[in-house]
Amino acid sequence: MTTVVPHAVDGARLRGRLDELAAVGDTGDGGVCRLALTEADGAGRDLVVTWMRDLGLRVDIDGIGNVIGTWPADATGPAVMTGSHIDTVRTGGRFDGNYGVLAGLEVIETVIESGFVPARPLAVGFFTNEEGARFAPDMLGSLVYVGGLPLEEALDTVAIDGAVLGDELERIGYRGPLPCPASPPAAFVELHVEQGPILEAECITIGAVTSVQGILWFELTIVGQSNHAGTTPMRLRRDPALAAAEIAVTARSIARDLGGDQVATVGRIDLHPNLVNVIPARATLTVDLRNTDPVELARAERMLFDAVERIAAAESVTIEHRTLARFEPVVFDETVIGLVVDAAERRNLPVRRLPSGAGHDAQMLARVCPSAMIFVPSVGGVSHNPTEFTDADDLQAGADVLLDVMLRLADGPIDRPTDGGVHQ
Ligand code: HGY
Ligand code: MN
Ligand code: MN
């Protein structure tokens, strides 16, 4: 049988699987809800594992529920790995994470069909709880995979709904035997939709991702005095809702004042008892700060907590906080980035280098092996939204570039990074 190095994936087959997976946890508005370790996440996992096994991949599941499919199944050496996540936020789109996993599966299926056997094995994985929406921090599974968080500590994580991560993992049947941390792959490249406006605005098809910005997540708990909305004079109030609102305004002004890449988001606010005629007893809110520059990000953190102190004193409330995520900016491997640029140029695809605004599993794999990412455009730059969309031609282009980069990595020399790209 003549073997030809494959040149293109089967885009229709890839889109078919994306649609089939999107039906699991379908929210009826084009979006998907598969919060980490829920029944829907378990059903999504079962579907992708079935596809992996039907293709003859060896499927390994580790202690935090990361799932890795390897081909050839009897391969022993470090694989060239791709992958992403299939858990979603509550109002997620069908491409965030899912595209990278299913494109990786499609690349391996295309290689198997061609009869070409690369020098190194190929692997595709999905990591547990990348989103961090239910259990913080985000990228938790890949963090454990690379040894950045002890497994036992991760298993004890408590969700925003009170569930314990290890119990949920058992319940959906994905607490696997593979030890954590894993032995590192030879290299890692993740394909993902950009989730931002840059590629579309510049009519660029391929993003060669150079880095991931730093991420800080805080949960603040504000305690005041619950009281009657009608009888309590304004001068006597100790109102946590007011303090929470002022913190949200402060977060926006920090981003405005620092400018550059600084972003700030208050994504969750819970009031207790959350009733129309009761001055709340307690407010709980989250603040998400990100910046490509670690020095500026540290400034933003200081500005936030200076303001929190002032707001607490002015409203006579107490404000406690806990850190849900703290990840420094990560720089990807220049060799792998170069392969992405080269593969796009050989295909005459418009390509540009850019940082990632979103967190990704690749930023964790960068700690243990040469890693980088490939972006394709998001229509309207929208993500974490049911209307998230990427055109079929761009889905095809991204997966073809992934195919090229994985085969180049699977057949060429790979230097192991010195610092793993992490600037701690
Ligand atoms: O929060 C993020 O950037 C990613 O979606 N987990
Ligand atoms: Mn993602
Ligand atoms: Mn996401």
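Treat the numbers as computed from the prediction; the structure is a model and nothing was measured. (Residues numbered from 1 in each chain as written. Chains lettered and ligands numbered in written order. Predicted model: local features only at pLDDT ≥ 70, side-chain atom pairs only at ≥ 80, totals over all residues. Heavy atoms only, no water.)

> Is there a simple way to explain the overall build of the protein in this structure?
What the protein contains, in helices and strands, is 12 helices and 16 strands. Since a compact globule built from 424 residues should have a radius of gyration of about 22 Å, the 22 Å found for the protein is in line with a globular shape. For the C-alpha atoms alone, the extent of the protein along its principal axes is close to 85 × 45 × 40 Å. Out of the 424 residues in the protein, the part that is buried amounts to 58%. In the structure as shown, the protein presents an accessible area of about 16,900 Å², 53% of it carried by carbon and sulfur atoms. (Helix = DSSP H or I, 4+ residues; strand = E, 2+ residues; numbered from the N terminus. Rg over C-alpha atoms; globule rule 2.2 N^0.38 Å. Buried < 20%, exposed > 50% of the residue type's maximum accessible area, 1.4 Å probe, protein only. Areas by Shrake-Rupley, 256 points an atom, 1.4 Å probe, with all protein chains shown as cover.)

> When you look at the nonpolar core in this model, what are you seeing that I'm missing?
Considering soluble globular proteins, one finds that nonpolar side chains tend to be buried as a cluster. Judged by nonpolar contacts, the single largest core of 105 residues is most densely connected at V48, M52, Y99, I206, F332 and L409. The element that contributes the greatest number of residues to this core is helix 12 (residues 392-411), accounting for 11 residues. No fewer than three residues from each of domain 1 (11-213 + 329-411) and domain 2 (214-327) sit in this core. Contacts of F332, omitting those with residues within four sequence positions, involve V209, T210, S211, V212, I337, A362, Q363, A366, S371, A372 and M373. Core analysis: the second largest hydrophobic core is formed by 23 residues, A251, L285, L297 and A300 among them. (Core = buried A, V, L, I, M, F, W, Y, C linked by side-chain atoms within 4.5 Å. Domains from an automatic or database assignment. Contact = heavy atoms within 4.5 Å.)

> Mind showing me how you'd approach the site of ligand 1 here?
Close contacts around ligand 1 come from E130, E131, D138, W217, R290, A358, G359 and H384, and that covers them all. A distance of 2.7 Å is found between an oxygen atom of ligand 1 and a backbone nitrogen or oxygen belonging to G359. Relative to its free-state accessible area of 220 Å², ligand 1 is covered by the protein chains to the extent of 95%. Residue composition of the shell around ligand 1, by class: 2 nonpolar, 2 polar and 4 charged. (Near = heavy atom within 4 Å. Polar contact = N/O pair within 3.5 Å; in protein donor to acceptor, adjacent residues only side chain to side chain. Nonpolar A, V, L, I, M, F, W, Y, C, P; charged D, E, K, R; others polar.)

> Please clarify how the coordination of the manganese ion (ligand 3) should be interpreted in this entry.
The textbook angles at a metal center are 109.5 degrees for a tetrahedron of four donors and 90 or 180 degrees for an octahedron of six. All of the protein donors around the manganese ion (ligand 3) are D96 (OD), E131 (OE), E131 (OE) and H384 (NE2); their distances to the metal are 2.2 to 2.5 Å. Here the donor residues of the manganese ion (ligand 3) share one chain and are spaced in sequence as D-x34-E-x252-H. Between the manganese ion (ligand 3) and the manganese ion (ligand 2) the interatomic distance amounts to 3.5 Å, and D96 serves as a bridging ligand to the pair. With D96 in the loop between strand 3 (80-84) and helix 3 (98-114) and E131 in the loop between strand 4 (122-126) and helix 4 (140-145), this residue pair connects regions lying 35 residues apart in the sequence. By relative accessible area, D96 is classed as buried at 5%. On the basis of relative accessibility, which here comes to 7%, the residue E131 falls in the buried class. (Donors = N, O, S within 2.8 Å, 3.2 Å for Na, K, Ca; no water.)

> It is not clear to me how the packing of helix 1 (residues 11-22) against helix 3 should be interpreted in this structure. Could you clarify?
Each pair of packed helices gets described by two things: the angle between the helix axes and the distance between those axes. Viewed as axis vectors pointing N to C, helix 1 and helix 3 meet at an angle of 140 degrees, and their least axial separation amounts to 10 Å. When the axes of helix 1 and helix 3 are compared, the pair comes out oblique. As for how helix 1 packs across helix 3, the hand of that crossing is right-handed. Touching R13, L14, R17, L18 and L21 of helix 1 are N98, Y99, L102, A103, L105, E106, E109, T110 and E113, all from helix 3. Its residues assigned to classes, the contact of helix 1 with helix 3 shows 7 nonpolar, 2 polar and 5 charged. (Axes fitted to C-alpha atoms, helices over the stretch in contact; angles between N-to-C directions. Parallel < 35°, antiparallel > 145°, perpendicular 65-115°, else oblique. Left-handed = near helix turned anticlockwise from the far one by under 90°.)

> Explain the packing of aromatic side chains to me, please; I cannot follow it from the model alone.
Ring pairs (aromatic) are described by centroid distance and by the angle formed between their planes. The full count for this structure, using the stated rule, is 4 aromatic pairs. A ring pair is formed by F218 and F305, whose centres lie 4.9 Å apart and whose planes are at 90 degrees; its orientation type is edge-to-face. Of this pair, F218 sits in strand 7 (residues 214-223) while F305 sits in helix 9 (residues 294-315), placing them 87 residues apart in sequence. When sorted by exposure, F218 lands in the same class as F305, which is buried. Directly above the ring of W51 sits R17, whose terminal nitrogen or CZ lies 5.4 Å from the centroid. (Phe/Tyr/Trp six-rings, centres within 6.5 Å; stacked < 30°, edge-to-face > 60°. Lys NZ or Arg CZ within 6 Å of the ring centre and 35° of its normal.)

> Honestly, the packing of helix 2 (residues 39-54) against helix 3 in this entry has me stumped. Any pointers?
Two elements in contact, helix 2 and helix 3, have axes whose closest approach is 11 Å; the angle formed by their N-to-C orientations is 10 degrees. By the angle class used here, helix 2 and helix 3 are roughly parallel. Taking contact as the criterion, the partners of V48, W51 and M52 in helix 2 are, on helix 3, V101, L102 and L105.

> In this structure, what is going on with the environment of G125? I would like to understand it.
Structurally, the position occupied by G125 is in strand 4. G125 sits 55 residues away from T70 along the chain, and the two C-alpha atoms are 8.5 Å apart. If we skip the residues at most four places from it in the chain, G125 touches V67, I68, M81, T82, G83, S84 and V101.

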